[in-house]
Amino acid sequence: MKLERQNLIIKKLDLTNTIPYDLLLLADPSKELVDRYLEKSEVFAAIQADEILGVLALYPLTDDTAEIKNLAVKPECQGQGIGSYLIEEAVRHATIRKLKTVFIGTANSSIRQLSLYQKLGFQVIEVKHDYFIQHYAEPIFENGIQARHMIVLSQDLTHPT
Ligand SMILES: CC(C)(COP(=O)(O)OP(=O)(O)OC[C@H]1O[C@@H](n2cnc3c(N)ncnc32)[C@H](O)[C@@H]1OP(=O)(O)O)[C@@H](O)C(=O)NCCC(=O)NCCS
């Protein structure tokens, strides 16, 4: 069942108040890495009745490119369209800001995420071999597959699909 979009507000969070680590650490288990990219990121939240149900961090890479560094939805609210809504809003925001490309990376083992991002117009452009082995202290497994490589996808905002 999809959650009705009119019941959700997507808004930019002011991180000087609270940082929703419970959600951010769902997408990235390293608090050190999360803290490092949050400093420069714009964080968008999907909010219903004052409760944050999902977050997305948009991190600037250059003047006209950015990367979605973190996307997470509360486990009990997943599968209802919130992640898709956050990505669509981040891409809309990036288009208004006249960015040319938005990137997103995920693991070779993140099968459903790979499906989601491609359905939303992202295309695979690069594989960073052994990224997760080199950057994370503990091995990560999903869907019975070890997360080894980072699959990088991008969306060209100058030629929308
Ligand atoms: C990945 C994630 C952000 C997707 O958000 P969501 O709100 O569940 O996504 P949606 O409801 O918009 O679902 C869109 C698609 O995502 C996939 N999906 C649905 N539930 C999912 C789940 N529990 N886990 C992963 N992917 C899921 C499906 O392909 C779905 O497509 P469909 O609706 O056509 O079947 C969310 O599941 C999550 O927070 N997972 C844990 C953190 C994470 O892995 N973040 C991404 C790091 S790269």
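Here we summarise the structure given alongside this text. Note that the structure is a prediction, hence the values are computed from the model and not measured.

This part covers helix α2 (residues 31-38). Within α2, the full set of buried residues consists of Leu33, Val34, Tyr37 and Leu38. Projected onto a plane normal to the axis of α2, the buried residues spread over an arc of 125 degrees and lie on a single side. In this structure, α2 carries Glu32 and Arg36 as exposed residues pointing more than 90 degrees from its buried face. Summarising the contacts, the buried residues of α2 are in contact with α1 (21-27), β2 (42-48), β3 (51-62) and β4 (65-73).

Using the criterion set out here, one finds nine salt bridges in the structure. The partner of lysine 31 in a salt bridge is aspartate 35, with the nearest N and O atoms 2.9 Å apart. Of this pair, lysine 31 and aspartate 35 both sit in helix α2, separated by four residues, roughly a single helical turn. Classification of lysine 31 as partly exposed rests on a relative accessible area of 41%. What makes aspartate 35 partly exposed here is its relative accessible area of 27%.

Its place among the elements puts glutamate 67 in strand β4. Discounting residues that sit within four places of it in the chain, glutamate 67 has contacts with Ala57, Leu58, Tyr59, Leu61, Phe103 and Gly105.

This part takes up the nonpolar core. Considering soluble globular proteins, one finds that nonpolar side chains tend to be buried as a cluster. Grouped together as the largest cluster of nonpolar side chains are 30 residues, with contacts concentrated most on Leu56, Ile68, Ile82, Leu86, Ile87 and Phe122. Elements supplying a minimum of two residues to this core: β2, β3, β4, α3 (82-96), β5 (101-107), α4 (111-119) and β9 (150-156). Here the element with the most residues in this core is α3; it accounts for seven residues. Sequence-distant contacts of leucine 56, that is, excluding residues within four places in its chain, are made with Glu42, Val43, Phe44, Ile68, Asn70, Leu71, Leu86, Ile87 and Ala90. Leu13, Val55, Ala57 and Tyr59 belong to the second largest nonpolar core, which has 13 residues in total.

How each quantity is defined
Residues numbered from 1 in each chain as written. Predicted model: local features only at pLDDT ≥ 70, side-chain atom pairs only at ≥ 80, totals over all residues. Heavy atoms only, no water. Buried < 20%, exposed > 50% of the residue type's maximum accessible area, 1.4 Å probe, protein only. Helix = DSSP H or I, 4+ residues; strand = E, 2+ residues; numbered from the N terminus. Arc of directions from axis to C-beta. Contact = heavy atoms within 4.5 Å. Salt bridge = Lys/Arg side-chain N within 4 Å of Asp/Glu carboxyl O. Core = buried A, V, L, I, M, F, W, Y, C linked by side-chain atoms within 4.5 Å.

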